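# Analysis of the macromolecular model
Next come the chains, spelled out residue by residue.
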Amino acid sequence: MSGFVFGEKPIQIESGEGPYVYDDGGTEYLDMGASYACAPVGHCHPDVVEAVESQASDLLFVQGSYPTETRTALYDRLGDLAPGELDNVWLCNSGTEANEAALKFARHATGREKVVAAKRAFHGRTLGSLAATWKQKYREGFAVPDNVEFVDYGDSEALADAVDDETAAVILEPVQGEGGVHPAPDGYLQAARDACDETGAALVFDEIQTGLGRTGSLWACEQAGVAPDALTVAKGLGSGLPIGATLVADWLAEDSGDHGSTFSGGPVPCAAALATLDVLEDDGLAANAASVGDYLQDQLAELPVRDVRGEGLMVGVEVKRGANRALKSLALNHRILALPAGRTVVRLLPPLTVTESHADRVVDALAEEL
Ligand SMILES: *Cc1c(COP(=O)(O)O)cnc(C)c1O
């Protein structure tokens, strides 16, 4: 499987710094996709690089039976940062694994099997998470388990009807990402909370894309004032090193069954995550995401586009002539990298360090191309 190919020659990225990446010929690109939100503090942040180098020279790996200072520190840190009382932390290596764990924990603790998920949802590509992922193309030919019921995203009544006393979990993205950048309507996440409280199902928020400050607060669910029973995070957590986490409430942690992973909580990804969280907090990047995100969305709304949606620096621009064409011209004519979300949406998930002048550059480029 090849990556995105723009025109004749794929762009071969050799280095990165802050919001920029550089190809093999030294050409600079503004990375408005942050490699799928994996560079929230920018590329190669010196603090993250230093933490990784220093940890790598001390100890590359030791398995989870031996506590390490780095892993313990990350457990504590994520537990402190978690919304509500989700201070039990399970570490893994990717987003899909974080969701697998959340769904396994919920099924074990409730003794139930059924999961309720939303149409357009994306939760990952291993079988458990894939079963809760909507897109047919990702599911075809893989004998995906059919124990997930899908409901229209944003319809509180449909959700309440689907959740019953056989439901182990409801899993939702607070803003759907891959499905086209759709923020939850007001009251929707609370309605999910209520449906779970009434039936004893676990509420799982997949914040793999929305988390870590992207939507303008550390977790997107904070803005709705709703705490789930489990929250998953990955993508930017290790600034691109493979690490994910499932943060869970006591009742799920106490009866979570037997789950494990050799690489869980390895020292190098944990060191990267601790350094990334430090930068996010010290530099106030969630607040920057809120203000630059608002500015960007206001400017984009002036363009001849079908729609502009999102929260903070998670932005979708619905364009008339297809996303791929717009992405190609942004890359080739303006040296700006962005992402698709379906066929018609250009998705912007830049490093949370970007400024209004970076936003202007993207808006001007899109204005020229549309
Ligand atoms: C990317 C993503 C995943 C899957 O993460 P991987 O690390 O690719 O397995 C799951 N959920 C959401 C919302 C995502 O954006």
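Residues numbered from 1 in each chain as written. Predicted model: local features only at pLDDT ≥ 70, side-chain atom pairs only at ≥ 80, totals over all residues. Heavy atoms only, no water.

## Digging into the state of the cysteines
- Summed over all chains, the structure comprises zero disulfides.
- For Cys38, which is in no disulfide, the shortest distance to another cysteine sulfur is to Cys92 and amounts to 13 Å.
- Summary of cysteine pairing: Cys270 is not part of a disulfide, and the nearest cysteine sulfur, belonging to Cys92, is at 11 Å. (Disulfide = S-S within 2.5 Å.)

## Brief notes about empty space enclosed by the protein
- The final tally for this structure, using the stated rule, is one cavity of 30 Å³ or more.
- Here the largest cavity is characterised by a volume of approximately 60 Å³.
- Lining the largest cavity are Ala37, Pro40, Glu207, Ile208, Gln209, Gly211, Leu212, Arg214, Ala234, Lys235 and Gly236.
- Residues that form the lining of the largest cavity fall into these classes: five nonpolar, three polar and three charged. (1 Å grid on protein atoms, 1.4 Å probe; cavity = no way out; pocket = protein on both sides within 12 Å on 5 of 7 lines; lining within 4 Å. Points joined across faces, edges and corners; volume = space filled by probe spheres on them. Nonpolar A, V, L, I, M, F, W, Y, C, P; charged D, E, K, R; others polar.)

## Describing the site of the ligand
- Contacts to the ligand come from Ser94, Gly95, Thr96, Asn99, Phe122, His123, Gly124, Glu173, Asp206, Ile208, Gln209 and Lys235.
- Contacts to the ligand include Asp206, whose side-chain N or O atom sits 2.7 Å from a nitrogen atom.
- A distance of 2.7 Å separates an oxygen atom of the ligand from a polar side-chain atom of Gln209.
- Taking 390 Å² as the accessible area of the ligand by itself, protein coverage stands at 81%.
- Of all the cavities here, the one that holds the ligand is the largest pocket.
- Among the residues making up the shell around the ligand, the classes are represented as two nonpolar, seven polar and three charged. (Near = heavy atom within 4 Å. Polar contact = N/O pair within 3.5 Å; in protein donor to acceptor, adjacent residues only side chain to side chain. Areas by Shrake-Rupley, 256 points an atom, 1.4 Å probe, with all protein chains shown as cover. Sits in = over half its atoms within 2 Å of the grid points.)

## As for the UniProt feature "binding site: pyridoxal 5'-phosphate" (unreviewed entry) in the chain
- Here the UniProt feature "binding site: pyridoxal 5'-phosphate" (unreviewed entry) sits at Gly95, Thr96, Phe122, Asp206, Glu207, Ile208, Gln209 and Thr262. With a sequence span of 168 residues, these residues are also far apart in the fold, their greatest C-alpha distance being 25.5 Å. Narrowing the list just given to those that line the largest cavity leaves Glu207, Ile208 and Gln209.
- Residue placement: Thr96 occurs in helix α4 (residues 95-110).
- According to the relative accessible area criterion, Thr96 is buried, its value standing at 16%.
- Excluding its chain neighbours within four sequence positions, the residues that come into contact with Thr96 are His123, Gly124, Arg125, Thr126 and Ser129.
- The exposure class assigned to Ile208 is buried, which follows from its relative accessible area of 11%.
- Apart from the residues within four sequence positions on either side, Ile208 is in contact with Gly95, Asn99, Thr232, Val233, Ala234 and Lys235. (UniProt positions renumbered as here; feature names shortened; annotations may be inferred. Helix = DSSP H or I, 4+ residues; strand = E, 2+ residues; numbered from the N terminus. Buried < 20%, exposed > 50% of the residue type's maximum accessible area, 1.4 Å probe, protein only. Contact = heavy atoms within 4.5 Å.)

## So, the side chain of Arg77
- With respect to the helices, strands and loops of the structure, Arg77 is situated in helix α3 (residues 69-81).
- Setting aside residues up to four positions removed in sequence, Arg77 forms contacts with Leu274, Leu277, Asp278 and Glu281.

## Topic: helix α8 (residues 188-199)
- Taking 1.5 Å as the rise per residue, α8 with 12 residues should run 16 Å; its terminal C-alpha atoms sit 17 Å apart, in good agreement.
- Buried residues of α8: Tyr188, Leu189, Ala191, Ala192, Arg193, Ala195, Cys196 and Thr199, and no others.
- Close packing links the buried residues of α8 with β6 (148-151), α7 (156-162), β7 (167-172), β10 (202-206) and α9 (220-224).
- Immediately downstream of α8, the backbone of Gly200 shows phi near 85°, a positive value. (Expected span 1.5 Å × (residues − 1).)

## So, the sheet that holds β6
- Strands sit in the order β4-β12-β11-β10-β7-β5-β6 across an open sheet of seven strands; the sheet is mixed. Each of the sheet's edge strands pairs with one partner strand only, and the pair in question is β4 (88-92) and β6. If you compare each strand with its neighbour and ignore which way they point, the axes differ by 20° on average.
- On top of the sheet, α3 reaches β4 and β12 (244-248); it is set at about 125° to β4, its chief contact.
- Of the strands in this sheet, β4, β5 (114-118), β7, β10, β11 (230-233) and β12 are in contact with α4, which crosses β7 at around 155°. (Pairing = 2+ DSSP bridges. Axes fitted to C-alpha atoms, helices over the stretch in contact; angles between N-to-C directions.)

## What to know about the layout of surface pockets
- In this structure, the largest pocket spans a volume of roughly 1200 Å³.
- As for the largest pocket, its lining consists of 45 residues, of which Tyr36, Arg125, Tyr138, Glu178 and Arg347 are closest to the centre.
- Looking at the lining of the largest pocket, the elements that each hand over two or more residues are α4, α6 (136-139), β14 (314-318) and β17 (345-348).
- The dominant element in the lining of the largest pocket, judged by the number of residues it contributes, is α4, at three residues.
- Split by residue class, the lining of the largest pocket holds 16 nonpolar, 18 polar and 11 charged.
- Both domains that furnish three or more residues to the lining of the largest pocket are identified here as domain 1 (13-45 + 284-369) and domain 2 (47-282). (Domains from an automatic or database assignment.)

## Focus: the pattern of salt bridges
- On inspection of all chains with the given rule, the structure shows 11 salt bridges.
- The residue Asp164 makes a salt bridge to Lys114 at a minimum N-O spacing of 3.1 Å. With Asp164 in the loop between α7 and β7 and Lys114 in strand β5, the pair connects residues that are 50 residues apart, well separated along the chain.
- With relative accessibility at 27%, the residue Asp164 sits in the partly exposed group.
- Measuring nitrogen to oxygen at the nearest pair gives 2.9 Å for the salt bridge that ties Asp229 to Arg193. Here Asp229 is found in the loop between α9 and β11, whereas its partner Arg193 is found in helix α8, with 36 residues between them in sequence. (Salt bridge = Lys/Arg side-chain N within 4 Å of Asp/Glu carboxyl O.)

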